[in-house]
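Chains, contacts and geometry: an overview
Each chain, letter by letter, is given below.
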Amino acid sequence: IPVDAFDIVIFGGTGDLSQRKLLPALYHRYLDGQIPDDSRLVGVSRSEMTDKAFREFALKACKASAGKDFKLDDWKGFEKMLSYVGMDATDPGADWAALANALSTEDRPTIFYLAVTPKIYVPICEAIGKAGLAKGDARVVLEKPIGTDLESAREINAGVGAVFPEDRIYRIDHYLGKETVQNLLVLRFGNTLFEPLWNRTAIDHIQITVSESVGVGDRAGYYDSAGAVRDMVQNHILQLLCLIAMEPPNSVSADEIRTEKIKVLNALRPLTAKCVDGETVRAQYGAGTVDGKQVKGYLEELEDGESDTETFVAIKAWVDNWRWARVPFYLRTGKRMRSRHSEIVVQFREAPHAMFGEEQAQSNRLIIRLQPDEGVQLYVQIKEPGPGGLRVQSLPLNLSYAESFQVRYPDAYERLLMDVVRGNLALFMRREEVEEAWEWVDGLLDAWADSKTPIYSYSAGLEDGPVEARMLLREDGRDWWSNG
Ligand code: BG6
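Residues numbered from 1 in each chain as written. Predicted model: local features only at pLDDT ≥ 70, side-chain atom pairs only at ≥ 80, totals over all residues. Heavy atoms only, no water.

Over the atoms, a rolling probe the size of a water molecule traces out where space has been left empty. All told, the structure shown has 2 cavities of 30 Å³ or more when counted by the stated rule. The volume enclosed by the largest cavity comes to roughly 60 Å³. Around the largest cavity, the lining residues are Leu-176, Val-181, Gln-182, Leu-185, Leu-243, Ile-257, Lys-261, Ala-426 and Leu-427. Of all the secondary structure elements, the ones that give two or more residues to the lining of the largest cavity are α7 (179-189) and α9 (254-267). Looking at the lining of the largest cavity element by element, the count peaks at 3 residues for α7. Considering only residue class, the lining of the largest cavity consists of 7 nonpolar, 1 polar and 1 charged. (1 Å grid on protein atoms, 1.4 Å probe; cavity = no way out; pocket = protein on both sides within 12 Å on 5 of 7 lines; lining within 4 Å. Points joined across faces, edges and corners; volume = space filled by probe spheres on them. Helix = DSSP H or I, 4+ residues; strand = E, 2+ residues; numbered from the N terminus. Nonpolar A, V, L, I, M, F, W, Y, C, P; charged D, E, K, R; others polar.)

With that out of the way, let us pick up the packing of aromatic side chains. Following the criterion strictly, the structure yields 21 aromatic pairs and no others. Ring geometry for Phe-11 and Trp-96: centres 6.1 Å apart, planes at 45°, overall tilted. Of this pair, Phe-11 sits in strand β1 (residues 7-11) while Trp-96 sits in helix α4 (residues 96-102); the two residues are 85 residues apart in sequence, bridging distant segments of the chain. The pair Phe-11 / Trp-96 is uniform in exposure class, with both members buried. With a centroid separation of 5.2 Å and an interplanar angle of 70°, the aromatic rings of Tyr-27 and Phe-78 are classed as edge-to-face. (Phe/Tyr/Trp six-rings, centres within 6.5 Å; stacked < 30°, edge-to-face > 60°. Buried < 20%, exposed > 50% of the residue type's maximum accessible area, 1.4 Å probe, protein only.)

Glancing now at the UniProt feature "domain: Glucose-6-phosphate dehydrogenase C-terminal" (unreviewed entry) in the protein. Per the UniProt annotation, the sites labelled "domain: Glucose-6-phosphate dehydrogenase C-terminal" (unreviewed entry) are residues 185-481. Between the end C-alpha atoms of residues 185-481 the distance is 22 Å, and the span holds 33% helix and 26% strand. (UniProt positions renumbered as here; feature names shortened; annotations may be inferred.)

Residue placement: Lys-144 occurs in the loop between β5 (139-142) and α6 (150-161). Looking at Lys-144, the relative accessible area reads 16%, which means it is buried. Spatially, the C-alpha atoms of Lys-144 and Asp-4 are 27 Å apart, while their sequence positions differ by 140 residues. In contact with Lys-144, not counting residues within four places along its chain, are Ile-172, Tyr-222, Asp-231, Asn-235 and His-236. Polar contacts involving the side chain of Lys-144 include one to the main-chain carbonyl oxygen of Asp-231, which spans 3.0 Å. (Contact = heavy atoms within 4.5 Å. Polar contact = N/O pair within 3.5 Å; in protein donor to acceptor, adjacent residues only side chain to side chain.)

So, on to unusual backbone geometry. For the peptide bond that leads from Lys-144 to Pro-145, omega is 0°, which places it in the cis range. Position of Pro-145 among the secondary structure elements: in the loop between β5 and α6. For the bond from Gln-371 to Pro-372, the omega torsion is -20°, close enough to zero to count as cis. Note on placement: Pro-372 falls in the loop between β14 (363-371) and β15 (375-383). Residues other than glycine seldom take positive phi values, yet Asp-373 does so here, at roughly 50°. Looking at the element boundaries, Asp-373 is found in the loop between β14 and β15.

If you check helix α14 (residues 431-451), its first and last C-alpha atoms are 30 Å apart, about what 21 residues at 1.5 Å a residue would give, namely 30 Å. Burial in α14 covers these residues: Glu-433, Val-434, Glu-435, Ala-437, Trp-438, Trp-440, Val-441, Asp-442, Leu-444, Leu-445, Ala-447 and Trp-448. In the stretch just after α14, Lys-452 is the one whose phi turns positive, near 50°. (Expected span 1.5 Å × (residues − 1).)

Near the ligand the following residues occur: Lys-144, His-174, Tyr-175, Lys-178, Glu-212, Arg-219, Asp-231, Met-232, His-236, Lys-335, Arg-340 and Gln-371. Lys-144 has a polar side-chain atom sitting 2.7 Å from an oxygen atom of the ligand. Contact with the protein chains hides 81% of the accessible area of the ligand, taken as 390 Å² for the molecule alone. In terms of residue count, the dominant contributor to the shell around the ligand is helix α8 (residues 220-245) (3 residues). (Near = heavy atom within 4 Å. Areas by Shrake-Rupley, 256 points an atom, 1.4 Å probe, with all protein chains shown as cover.)

Take a look at the structure:
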């Protein structure tokens with residue numbers, strides 16, 4: 001469904017996010033006929049560049065994303081919408097009139113996308129306000145991470161909030177734009193099957209894994225000051241946990257969903273210095289092999305070769321409420337793991353009576369595969385065919401997205417950008433969500449510092465994290481699903 005014409009200004013227009021995600025996302029939405037061609041897309045960066053050069057930059061980016069489906073004819077229409085303004089948006093003497101001139105004079109929403117370091121979110125918003133551009137229906141989009149801790153997040157939220165009202169601030173977590181993540185809502189609340197069992201009575205534990213095979217590459221500077229907890233847990237993993245653990249919202253409206261998610265974050269048990277060593281594992285990758293090629297260890301990727309930043313973390317988390325009492329949530333994420341896969345595993349309890357013999361007793365397991373090979377598997381117990389008595393096997397009922405839907409999956413940014421244009425905040429984070437998540441994460445990081453939690457190591461590309469992460473579950477008589 002086409003949206004109304006809009007203007008979008010990308011600060012950091014020639015940066016990595018703009019190149020890899022934002023420009024291609026807008027291009028694909030245009031190709032699908034969703035973006036009217038009198039919309040305007042303005043790139044802003046400090047470097048001087050002509051409109052022509054920016055269009056060439058965008059052409060390369062969109063070509064790389066569309067691959068063999070790229071058609072020059074389609075591009076011609078899209079490129080007409082693109083223009084560029086070179087300015088340092090934090091400089092008080094910057095020429096905001098040039099940016100204002102690049103925007104349409106018609107009454108339509110202007111979207112300011114801040115694809116820059118969070119340190120300059122507030123000065124840019126203040127300058128937008130001063131230039132008189134925050135008026136009317138103007139919206140601002142903030143990329144994660146919103147700050148580096150609770151205090152800096154509060155400062156950003158207050159500073160941005162002084163210019164834009166909360167309902168025009170879109171805090172992006174691109175995991176919420178992924179098809180399979182949105183499907184969590186439908187799976188849980190569109191079926192009668194799961195919800196009655198979705199609690200401590202039937203569920204033994206839950207695992208959330210976001211495993212990446214890439215290393216930190218050329219983001220080492222940023223990554224070393226962040227680590228896996230700030231980079232992945234504070235946002236993506238906690239968002240997934242919220243969707244799995246939250247109570248049914250009354251509707252899919254933004255406020256209903258966000259209010260339920262905040263309750264989950266509120267119920268997360270703080271990790272203290274006393275318990276942190278028994279409930280978390282932190283680690284760094286060492287040298288190893290990926291796709292048959294030798295790759296460097298984390299420290300070798302850093303300029304000074306020294307760091308105790310974690311590239312892997314495993315956490316046993318607890319949601320202290322009625323529904324989830326005594327049900328552990330095992331969370332883990334890491335770079336340079338054995339493979340790229342993200343999944344949520346809901347492990348049900350064993351049947352109360354082992355009618356087919358203790359040795360054959362197994363339990364149901366629901367696996368929600370987020371990427372790649374998106375799909376849902378429900379393991380059920382089945383009789384093995386044959387005359388040899390009642391032999392039981394555990395086999396999956398298998399729903400594969402690729403087999404069920406022969407369509408192109410839009411990238412998360414395509415969905416989220418169009419939601420910004422439509423004014424739908426449901427898949428964006430409210431101020432309190434970000435701050436609650438930081439509060440829990442700050443507690444964890446402080447606890448690590450206080451108890452001098454050791455950093456373990458694992459071989460790049462060869463392991464699913466360190467052996468200590470396996471022990472975290474083994475001690476509870478459990479195992480990570482991907483470990484078999
Ligand atoms: C980003 C992190 O938010 O998410 C990256 O900063 C990470 O470190 C990326 O690689 C993972 O996203 P995806 O969509 O590839 O799973």
